[in-house]
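Architecture at a glance
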Amino acid sequence: MKAVVGIIMGSQSDLPVMSEAAQFLEELGLGYELTVVSAHRTPERMVDYARSARERGIRVIVAGAGGAAHLPGMVASLTSLPVVGVPIKSSNSIDGWDSILSILQMPGGIPVATVALDGGKNAGILAASIVGTFDQEVAVKLDAYKSSLKEKVEASARNLEEKGWREVLGK
């Protein structure tokens, strides 16, 4: 399966969050590549990755980072591909706010789509949605996924209405 989504992270400690994007893409049967690219410790690797992504067939880059979180913005400055930033609450983070603001507050001309703190799964969904704009098979799978969300909520509502909140909570 050819990779069309690139998933990168600032360090391997970000893997628990970023693996959620990979897992969602796997569920859709969408090809991806996943690696560590640090904006601060391996800047040459970051430049090479971003500049060669389109040639390798990548159509969307999902970039997760904690702390100062420069990776998504720096990658976006090096490519015209869409970049989805995932702020990660890391051990050196200020409760995640530094990561959120570093990714969210990009200068004009360098947009980065930003998902919630530790929002790896939503980043995978957004990347798939972008691919779905030109790949009908992916769009159909996303529509089915969204329908399944609706069905889960409706089943939950029926359960609550039939049993009452006490039984649902076991009280």
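Up top is the structure.
Described below are features of the structure shown in this document. (Residues numbered from 1 in each chain as written. Predicted model: local features only at pLDDT ≥ 70, side-chain atom pairs only at ≥ 80, totals over all residues. Heavy atoms only, no water.)

This part is about the sheet that holds strand β3 (residues 60-66). Strand order in the open sheet formed by five strands is β2-β1-β3-β4-β5, and the pairing between neighbours is parallel. Each end of this open sheet is capped by a strand with a single partner; those strands are β2 (32-36) and β5 (113-114). (Pairing = 2+ DSSP bridges. Helix = DSSP H or I, 4+ residues; strand = E, 2+ residues; numbered from the N terminus.)

Enumeration according to the criterion identifies one aromatic pair in this entry. The residue whose ring lies beneath R56 is Y49, and the NZ or CZ to ring-centre distance is 4.6 Å. (Phe/Tyr/Trp six-rings, centres within 6.5 Å; stacked < 30°, edge-to-face > 60°. Lys NZ or Arg CZ within 6 Å of the ring centre and 35° of its normal.)

Before going further, it helps to spend a moment on helix α3 (residues 71-78). Residue pairs three or four apart in sequence face the same way in an α-helix, which turns once every 3.6 residues. For α3, the full list of buried residues reads L71, P72, G73, V75 and A76. Tucked into the core, α3 has its buried residues touching β1 (5-9), α2 (43-52), β3, β4 (83-88) and α4 (97-104). (Buried < 20%, exposed > 50% of the residue type's maximum accessible area, 1.4 Å probe, protein only. Contact = heavy atoms within 4.5 Å.)

In this structure, A69 takes a positive phi of about 55° despite not being glycine. Mapped onto the secondary structure, A69 falls in the loop between β3 and α3. Of note, the phi angle at D95 is positive, near 55°, even though the residue is not glycine. Note on placement: D95 falls in the loop between β4 and α4.

This paragraph deals with the side chain of T79. With respect to the secondary-structure elements, T79 resides in the loop between α3 and β4. The exposure class assigned to T79 is buried, which follows from its relative accessible area of 15%. A polar side-chain atom of T79 sits 3.1 Å from the main-chain amide nitrogen of L81. Among all residues touching T79, those that are not within four sequence positions of it are A50 and I61. (Polar contact = N/O pair within 3.5 Å; in protein donor to acceptor, adjacent residues only side chain to side chain.)

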